[in-house]
Structures are given as structure tokens and as C-alpha cells.
Amino acid sequence: MGITRRWTIAAVAALAFIGSGVTVPAADAAASCRGYACDGKNPHTTGCDQDAKNAGNPIRGGGGPAVQLRTSARCSAAWVIIEKGNHDWRGWIQIRGGALYDVNAKPSRPAYSLMVGTSHAYRACKRDADGGPICGGWH
């Protein structure tokens, strides 16, 4: 078989694969922050969501969507996800004695807050139907 014929067969096979809709996962990119450097950053755009795990039970009381604390060991960071719901529902991650990063629910999909480094004391909270906070324990 000539070299031109081999290249033609390889090109046709590649085009057939591309056209099949099969995707090949990209290698995990390095996270772009770690610890305090993640404060106020997006878990998705930094790559911190690639190894995310739920931390404890979701906060469900008080009506509205649940709020779940998420952590990334590779980034040493945490954030909250609020389930789908009306925009009036709100959750947040709070640093003890410092910043809080809030997120409002979205009707079409879960939404997430910005992150905090896990070297801080932090906790997840949500607003109940009466407007008061319901918070998990400090981590």
C-alpha cells in the first residue's frame, strides 16, 4: 500500500471519528489557584471543580432549594452549590470574621458561589423562607 493511500485512509478514519460525536476527555489541567489564592475565584474556570466532593449533608431546612458545601483537595478550596429554584432563594459560603460569597438560585440549573481557601474557618449557609439564616457548622 502506498504512502498516499495510507494517509487517505487515516484521514477518512479521523473524519469519521470526529463526525461520530465521540469526545475524548482532555487531560486534567493544573488548577490555577490554591488555598488563599482561590478566595473569590470561580471553581469552574480555575479547574478546582474537577475533583470536587460534597462536604457533609446539604442544608435543607427553612424551605427552598438545598445548599451543599463542596471542597477541592487539589485547590484547598471550598464553595457552595444551591439547587435549582426561584431567584429569590440565596445561599453563601462565609469566612469567619471576613468575606462571604453569595449565590442566588437559578430556575434552570444549580448555581455555585465563588470559593474560599480551606485554611480559613468557613461554613455554608442559606436564607430560610422568613429571611433568616440557616448555617452548617464551621470547618
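Whatever comes next refers back to the structure up there.
Let me sum up the structure you'll find in this document. Computed from a predicted model, the values in this text were never measured in an experiment.

### Focus: the sheet that holds strand 8 (residues 122-127)
Moving on, step 1. The four strands lie next to each other as 5-4-8-9, forming an open sheet whose pairing is antiparallel. Edge positions in the open sheet fall to strand 5 (100-104) and strand 9 (133-135), since each of these has one partner strand only. For this sheet the average axis-to-axis angle between neighbouring strands, irrespective of direction, equals 25°.
Moving on, step 2. Bridge count for strand 4 (residues 90-95) against strand 8 is five bridges, and the pairing is antiparallel. When the sheet's bridge partners are listed, Gln94 is paired in strand 8 with Arg123.

### Digging into the state of the cysteines
Moving on, step 1. One pass over the full model with this rule turns up three disulfides.
Moving on, step 2. At a sulfur-sulfur separation of 2.1 Å, the disulfide partner of Cys33 is Cys38. Here Cys33 and Cys38 share a disulfide; its torsion about the S-S bond, 100°, makes the bridge right-handed. Like Cys33, the residue Cys38 is buried in the burial classification.
Moving on, step 3. Note on cysteine connectivity: Cys48 is disulfide-linked to Cys75, with sulfurs 2.1 Å apart.

### Re the side chain of Ser113
Moving on, step 1. Relative to the elements of secondary structure, Ser113 occurs in the loop between strand 6 (111-112) and strand 7 (116-117).
Moving on, step 2. The contact partners of Ser113, leaving out residues within four places of it in the chain, are Pro43, Trp79, Val80, Ile93, Tyr101, Asp102 and Val103.

### Details of the pattern of salt bridges
Moving on, step 1. This model, assessed by the stated rule, comprises two salt bridges.
Moving on, step 2. Across the pair Glu83 and Arg60 runs a salt bridge whose closest N-O atoms are separated by 3.7 Å. Residue Glu83 is found in the loop between strand 3 (77-82) and strand 4, and its partner Arg60 is found in the loop between strand 1 (53-54) and strand 2 (67-72); the two are separated by 23 residues along the sequence.
Moving on, step 3. Take Glu83: its relative accessible area is 37%, and that puts it in the partly exposed class.
Moving on, step 4. Given a relative accessible area of 53%, Arg60 falls into the exposed group.
Moving on, step 5. Linking Arg90 and Asp102 is a salt bridge whose minimum nitrogen-to-oxygen distance equals 3.0 Å. Here the residue Arg90 occupies a position in strand 4, and Asp102 occupies one in strand 5, the gap between them amounting to twelve residues.

### Describing the nonpolar core
Soluble, globular proteins show a tendency: their nonpolar side chains are buried together.
Moving on, step 1. Counting residues in each nonpolar core, the largest one holds 16 residues, and the members touching the most others are Leu69, Val80, Ile93 and Val116.
Moving on, step 2. At the level of elements, strand 2, strand 3, strand 4, strand 5 and strand 8 are the ones that each hand at least two residues to this core.
Moving on, step 3. The element that contributes the greatest number of residues to this core is strand 3, accounting for three residues.
Moving on, step 4. Not counting chain neighbours up to four residues away, the residues in contact with Ile93 comprise Leu69, Ala78, Trp79, Val80, Ala99, Leu100, Tyr101, Ser113, Leu114, Val116, Tyr122 and Arg123.
Moving on, step 5. If you look at the next biggest cluster of nonpolar residues, it comprises eight residues, including Cys33, Cys75, Trp79 and Met115.

### Remarks on the pairing of strand 3
Moving on, step 1. Among the six residues in strand 3, five count as buried, and that is most of the element.
Moving on, step 2. As judged from the six bridges shared by strand 2 and strand 3, these two strands associate in the antiparallel manner. Bridge pairing in strand 3 places Val67 opposite Ile82.
Moving on, step 3. Hairpin connection, strand 2 to strand 3: the antiparallel pair is bridged by four residues, and Ser76 has positive phi, about 50°.
Moving on, step 4. Here strand 3 pairs with strand 7 via two bridges, running antiparallel. Each residue of the ladder has a partner; that of Ala78, found in strand 7, is Val116.
Moving on, step 5. Where strand 3 meets strand 6, two bridges bridge the pair, whose relative direction is antiparallel. The residue bridging Ile81 from the neighbouring strand is Tyr112, located in strand 6.

What counts as what
Residues numbered from 1 in each chain as written. Predicted model: local features only at pLDDT ≥ 70, side-chain atom pairs only at ≥ 80, totals over all residues. Heavy atoms only, no water. Pairing = 2+ DSSP bridges. Helix = DSSP H or I, 4+ residues; strand = E, 2+ residues; numbered from the N terminus. Axes fitted to C-alpha atoms, helices over the stretch in contact; angles between N-to-C directions. Disulfide = S-S within 2.5 Å. Buried < 20%, exposed > 50% of the residue type's maximum accessible area, 1.4 Å probe, protein only. Contact = heavy atoms within 4.5 Å. Salt bridge = Lys/Arg side-chain N within 4 Å of Asp/Glu carboxyl O. Core = buried A, V, L, I, M, F, W, Y, C linked by side-chain atoms within 4.5 Å.

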